[in-house]
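# Report on the structure
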Amino acid sequence: MSEVAEALSIQRLDRHNTIDAERWDAFVLACPQATFFHRSGWQTLLEEVFLHDTYFLYAEACGVIRGVLPLGHVKSRLFGNALSSLPFSVYGGVAAVDEEAAVVLEREAQYLAQRLGVDHLELRNVQRRHADWPLQDLYVTFRKPIEPTEEGNLQAIPRKQRAMVRKGLKNGLTSHIDDTPDRFFALYADNVHRHGTPALSKVYFNSLRRIFGSDCEILTVCTQDGRSVSSVLSFYFRDEVLPYYAGDAEEARELAANDFKYWELMRRACVRGLKVFDYGRSKQNTGSYAFKKNWGFEPTPLHYEYQLYGASGVPQNNPANAKYRLLIAAWRRMPIQLANWLGPKIVRNLG
């Protein structure tokens, strides 16, 4: 073990300690491996909105942070007992400036997982770190550079998809930045209900806006007569934009509002001088997967790695699991008011 590794100590972030939270976020902003989901604000969200215990670990030497690993403990009778980095995120795992800090943090996470008695430890890595750990290979991500000009971005969209963007423009659609999640939530909740999945709470989206401020933005698309038909909530991190939650009215397809929405987000990001459009995670061979490929984005596998303790295999708590088909069908038939009340109580345990 090197002198640097011997000098490393593991600390746990206290979200009420403003100074340490600022140190954490400064490290995350500077560390190439870190993502928006490594920010300290997620600790507040997991504890206050979802009521989960968190273990935001950081390794430091001589008072300097060298790595971070945000963890959330999600315990549910229905969906199991897990320690994850990070629940409700697409990216996670350790972010460190050197391998020694990464190893120390992952080792501490394994000790913690065993002490908590979880079924499994999950690290949502972009790059594979442990060839001998079981792997969840269901998801991919889509990222692409943003061209420096509006016309360059439009021409980079494949012809058929570009025609859909032009259709939205011809239909007189307009985009607006919303100060509240009201219009977004109505579209999002209706959208996920039609797909048979529970919605996150409106409190959560209000909290995202409160905690992340201007780095969490809502863009809503309206028709010529002012009706909102499509909306997206996006995160901004360094020089990237990440559309993360979205919702569309049933008429959005006919109006090409979904296509227009993402074009407007890309166009505005170009104006802001951003460099990367992160289309986010999709399950392989799904509609959203095909949609993103049609935009000219190529998939990159996500390496969700597991250490199994009480579990016999990698969990499959997602709509692609056949055992949830009847539940999905029943959820679609549920009145939306009941679904919006019940949904957050279920989805908080999915992570």
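Now for a look at the structure at hand. (Residues numbered from 1 in each chain as written. Predicted model: local features only at pLDDT ≥ 70, side-chain atom pairs only at ≥ 80, totals over all residues. Heavy atoms only, no water.)

### What about the environment of Y279?
Mapped onto the elements of the fold, Y279 is located in strand β13 (residues 276-283). Overall, the relative accessible area of 4% leaves Y279 in the buried class. Sequence spacing of Y279 and V229 is 50 residues, and the spatial spacing of their C-alpha atoms is 20 Å. Setting aside its immediate chain neighbours within four residues, Y279 contacts F142, P243, Y262, F291, K292, W295 and F297. (Helix = DSSP H or I, 4+ residues; strand = E, 2+ residues; numbered from the N terminus. Buried < 20%, exposed > 50% of the residue type's maximum accessible area, 1.4 Å probe, protein only. Contact = heavy atoms within 4.5 Å.)

### Focus: the pairing of strand β10 (residues 216-222)
With seven of its seven residues buried, β10 lies for the most part within the structure. Burial along β10 is two-sided: C216, I218, T220 and C222 facing one way and E217, L219 and V221 facing the other are all buried. Bridge count for strand β9 (residues 174-178) against β10 is five bridges, and the pairing is antiparallel. Pairing of S175 across the sheet is with V221, part of β10. Pairing of β10 with strand β11 (residues 228-237), which is carried by seven bridges, proceeds in the antiparallel orientation. Bridge pairing in β11 links T220 to S231. Where β10 folds back onto β11 in an antiparallel hairpin, the turn is made up of five residues, including G226, whose phi is positive at roughly 90 degrees. (Pairing = 2+ DSSP bridges.)

### Some words on the layout of surface pockets
Of the pockets and cavities examined, the second largest pocket occupies roughly 510 Å³. Lining of the second largest pocket is provided by 26 residues; of these, P32, Q33, A34, T35 and V126 occupy positions nearest its centre. Residue assignment for the lining of the second largest pocket shows that the elements contributing at least two residues are β8 (139-145), β11 and β12 (240-248). A class-by-class count of the residues in the lining of the second largest pocket yields 13 nonpolar, eight polar and five charged. (1 Å grid on protein atoms, 1.4 Å probe; cavity = no way out; pocket = protein on both sides within 12 Å on 5 of 7 lines; lining within 4 Å. Points joined across faces, edges and corners; volume = space filled by probe spheres on them. Nonpolar A, V, L, I, M, F, W, Y, C, P; charged D, E, K, R; others polar.)

### Here we look at the sheet that holds β9
Across the sheet, which stays open at both edges, the seven strands sit in the order β9-β10-β11-β12-β13-β8-β14 with mixed pairing between neighbours. Among the strands making up the open sheet, the edge pair consists of β9 and β14 (299-301). On average, each strand axis in the sheet is inclined to that of its neighbour by 30 degrees, with strand direction left out of account. In this fold helix α8 (residues 202-212) packs onto β9, β10, β11 and β12, with an angle of close to 125 degrees to the strand it touches most, β10. (Axes fitted to C-alpha atoms, helices over the stretch in contact; angles between N-to-C directions.)

### Describing helix α2 (residues 18-30)
For α2, which comprises 13 residues, the first-to-last C-alpha distance of 18 Å matches the rise-based estimate of 18 Å (1.5 Å per residue) to within 8%. Listed in full, the buried residues belonging to α2 are D20, A21, W24, F27 and V28. Down the axis of α2, the smallest arc covering the buried residues is 125 degrees, so these residues share one side. The exposed residues of α2 that point more than 90 degrees off its buried face are I19, E22, L29 and A30. In this fold, the buried residues of α2 make contact with β2 (53-61), β3 (64-76), β5 (95-96) and β11. Measuring from the backbone nitrogen of I19 back to the side-chain oxygen at the start of α2 gives 3.2 Å, which picks out N17 as the cap. (Expected span 1.5 Å × (residues − 1). Arc of directions from axis to C-beta. Polar contact = N/O pair within 3.5 Å; in protein donor to acceptor, adjacent residues only side chain to side chain.)

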